[in-house]
Amino acid sequence: MKWDQKIERLAAQARRESPPRVDVTCRVLGALTAGPAEPLTVTERLWLCLAAASSAIAVPVAAAAVLLYTRSAQPLHEIAEAISWAIQ
Amino acid sequence: MPPREGWLLKHPLRAATPTSGDVAANGVDAVVPAADPGRADLEDVRLTGQGDADAYRRLVERHQDHVARILWRFDRDRGVHEELVQDVFVEAYLSLSQYRGKAPFEHWLTRITTRVGYRYWKQKARQRRAQPFDLQKWEEATGSDGAAQGLESDEAAELLHRVFEQLAPRDRLVLTLRYLEQCDVLETARRTGWTKTMVKVQTMRARNRLRKLLEQSGTEWIE
């Protein structure tokens, strides 16, 4: 028997299956009743703005700090390299 | 006012009035007996548009078995299945303003059901690869004479589900509709929103991939 005939037969048998009964009425109405998310309160909005502002400031500060550290550490790095060369 | 109805009543659907002349023009609160489901559907859609939560409850109660039957082809896990059925009715409610009443409500709902199921498959395919398919099990189950007669209907459905699961969602959809739902080209096109030509081409490609899957390796990863 060819593959497609096998599939046809299986499908015919599968169509006789009864799917499980479901009752989603309450869940659907519950989901629709809940509706869109509640809008944020004034306090929550203030916190949100504060967090966003802090993040906006923190990123450039961190970048500047990395640059500054790299520059300041350069002479130290050279000294360390000189010492290791001398030891060798 | 009970809180359950609050959101529905606060946000009545705009332009959700079916155009069929069968709908009772007067009698806003009239509930059509379930003897004529088509007419009852139109009336309940109209009432839902006016914010009547009970009307939508009746629509859900009337059609959930039909939706559940289709979605059982998309996932055989009871929990997931129930969630998908719920998603269909939430999506149907949010799109109810687009229902014009020209086709039976059940047909419109079937299209949404197919869309929800297909979307679920696509999400699932992105998240993980399908379980490898054991060709030996397939041979054992179907036999060289293609019997498959020892299988119960649920076992046959499970086996077919596992086989189709190996294919890409698009192939899987067209084969599920053609083989399990027994949709012809027109009906498949109607449910998927594809053109008839696309359905024919897609069916041919999907069948070729399925043939390769069954005749050769027995494993094929979802693309």
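Report follows, based on the coordinates. Note that the structure is predicted; figures quoted are calculated from it, not measured.

Rules behind the numbers
- Residues numbered from 1 in each chain as written.
- Chains lettered and ligands numbered in written order.
- Predicted model: local features only at pLDDT ≥ 70, side-chain atom pairs only at ≥ 80, totals over all residues.
- Heavy atoms only, no water.
- Helix = DSSP H or I, 4+ residues; strand = E, 2+ residues; numbered from the N terminus.
- Buried < 20%, exposed > 50% of the residue type's maximum accessible area, 1.4 Å probe, protein only.
- Contact = heavy atoms within 4.5 Å.
- Patch = residues over 30% accessible without salt bridge, like charges linked within 9 Å, V, L, I, M, F, W, Y side chains within 5 Å.
- Areas by Shrake-Rupley, 256 points an atom, 1.4 Å probe, with all protein chains shown as cover.
- Salt bridge = Lys/Arg side-chain N within 4 Å of Asp/Glu carboxyl O.
- Lys, Arg positive; Asp, Glu negative; His and termini not counted.
- Charge placed at Lys NZ, Arg CZ, Asp CG, Glu CD.
- Polar contact = N/O pair within 3.5 Å; in protein donor to acceptor, adjacent residues only side chain to side chain.
- Axes fitted to C-alpha atoms, helices over the stretch in contact; angles between N-to-C directions.
- Parallel < 35°, antiparallel > 145°, perpendicular 65-115°, else oblique.
- Left-handed = near helix turned anticlockwise from the far one by under 90°.
- Core = buried A, V, L, I, M, F, W, Y, C linked by side-chain atoms within 4.5 Å.
- Domains from an automatic or database assignment.
- Phe/Tyr/Trp six-rings, centres within 6.5 Å; stacked < 30°, edge-to-face > 60°.
- Buried area = accessible area lost by both parts, 1.4 Å probe.

1. Let's talk about the overall build of chain B
For step 1, the next point in the chain: Assigned secondary structure in chain B consists of ten helices and zero strands.
For step 2, the next point in the chain: When the 223 residues of chain B are sorted by exposure, 51% land in the buried category.
For step 3, the next point in the chain: Put simply, 62% of the contacts in chain B that link residues at least 6 apart link residues at least 24 apart.

2. Some details on a positive patch on the surface
For step 1, the next point in the chain: Judged by side-chain charge, K122, R126, R170 and R205 of chain B come together as a positively charged surface patch.
For step 2, the next point in the chain: Relative to the assigned elements, R205 of chain B resides in helix α10 (residues 196-215).

3. A word on the side chain of H161 of chain B
All names here are of chain B.
For step 1, the next point in the chain: Mapping H161 onto the fold places it in helix α7 (residues 153-165).
For step 2, the next point in the chain: Overall, H161 belongs to the buried group, its relative accessible area being 12%.
For step 3, the next point in the chain: Polar contacts involving the side chain of H161 include one to the main-chain carbonyl oxygen of R73, which spans 3.5 Å.
For step 4, the next point in the chain: In this view, H161 contacts R73, F74, D75, R76 and R172; residues no more than four positions away in its chain are not counted.

4. Examining the packing of α7 of chain B against helix α8 (residues 169-180) of chain B
All names here are of chain B.
For step 1, the next point in the chain: One way to put it is that α7 packs onto α8 with a least axis distance of 10 Å and a crossing angle of 150°. It follows that α7 is roughly antiparallel to α8 by the angle criterion. For the crossing formed where α7 meets α8, the hand is right-handed. Taken together, the residues of α8 that come into contact with α7 (itself represented by L160, H161, F164 and E165) are R172, L175, T176, Y179 and L180.

5. Points about the nonpolar core
For step 1, the next point in the chain: Ranked by internal contacts, the top residues of the largest apolar core, which has 61 residues, are I7 of chain A together with Y56, F89, F164 and L210 of chain B.
For step 2, the next point in the chain: When residues of this core are assigned to domains, at least three map to each of domain 1 (1-128) and domain 2 (135-223) of chain B.
For step 3, the next point in the chain: Here F89 of chain B is in contact with V24 and V28 of chain A together with Y56, L59, V60, H63, Q64, V67 and L109 of chain B, once residues within four sequence places are set aside.

6. Concerning unusual backbone geometry
For step 1, the next point in the chain: Even without being a glycine, Q182 of chain B presents a positive backbone phi close to 55°.
For step 2, the next point in the chain: Secondary-structure assignment places Q182 of chain B in the loop between α8 and α9 (185-192).

7. Structural notes on the packing of aromatic side chains
All names here are of chain B.
For step 1, the next point in the chain: Taken as a whole, this structure holds seven aromatic pairs over all chains when the rule is applied.
For step 2, the next point in the chain: Considering the side-chain rings of F74 and W121, the 4.4 Å spacing of their centres and the 35° angle between planes classify their relative orientation as tilted. With a gap of 47 residues between them, F74 in the loop between α3 (53-71) and α4 (78-94) and W121 in helix α5 (residues 105-127) connect regions that are remote in the sequence. Accessibility classification places F74 together with W121 in one group, the buried group.
For step 3, the next point in the chain: An angle of 35° between the planes, with centres 6.3 Å apart, marks the rings of F164 and Y179 as tilted. Of the two residues, F164 sits in helix α7 while Y179 sits in helix α8, which places them 15 residues apart along the sequence.
For step 4, the next point in the chain: Among the residues examined, F164 registers a relative accessible area of 2% and is labelled buried.

8. Observations concerning the environment of V45 of chain B
For step 1, the next point in the chain: Tracing the sequence through the fold places V45 of chain B in helix α2 (residues 37-49).
For step 2, the next point in the chain: The spatial distance from the C-alpha of V45 of chain B to the C-alpha of Y99 of chain B is 8.6 Å, given a sequence separation of 54 residues.

9. Remarks on the pattern of salt bridges
Residue and element names in this part refer to chain B.
For step 1, the next point in the chain: Across all of its chains, the model carries 21 salt bridges over all chains by this definition.
For step 2, the next point in the chain: With a shortest N-O distance of 2.9 Å, R76 and E158 are connected by a salt bridge. Highlighted residues: R76 in the loop between α3 and α4 and E158 in helix α7, separated in sequence by 82 residues.
For step 3, the next point in the chain: Relative accessible area serves as the criterion here: at 16%, R76 is assigned to the buried category.

10. Some thoughts on the environment of T110 of chain B
Residue and element names in this part refer to chain B.
For step 1, the next point in the chain: The topology assignment puts T110 in helix α5.
For step 2, the next point in the chain: For T110 and V88, which are 22 residues apart along the polypeptide, the C-alpha to C-alpha distance reads 9.2 Å.
For step 3, the next point in the chain: Residues contacting T110, with those up to four places away along its chain left out, are H66, I70 and R191.
For step 4, the next point in the chain: Engagement of the side chain of T110 in a polar contact is seen with the side chain of H66, the distance being 2.8 Å.

11. Quick word on the interface of chain A and chain B
For step 1, the next point in the chain: Facing 30 residues of chain A, the contacting portion of chain B comprises 52 residues.
For step 2, the next point in the chain: For the pairing of chain A and chain B, the buried interface totals around 3800 Å² over both sides, and the portion due to carbon and sulfur atoms is 65%.
For step 3, the next point in the chain: Considering only the surface of chain A that becomes buried against chain B, W3, E17 and L32 of chain A emerge as the three largest contributors, covering 19% of it.
For step 4, the next point in the chain: The tally of links from chain A across to chain B stands at four salt bridges.

12. Quick notes on the packing of α3 of chain B against α4 of chain B
Residue and element names in this part refer to chain B.
For step 1, the next point in the chain: As a packed pair, α3 and α4 sit with axes 10 Å apart at the nearest point and diverge in direction by 130°. As summarised for this structure, α3 and α4 are arranged oblique, according to the angle between their axes. As for how α3 packs across α4, the hand of that crossing is right-handed. Mapping the contact onto sequence places Y56, L59, V60, H63, Q64, V67, A68 and L71 in α3 and H81, L84, V85, V88, F89, A92 and Y93 in α4.

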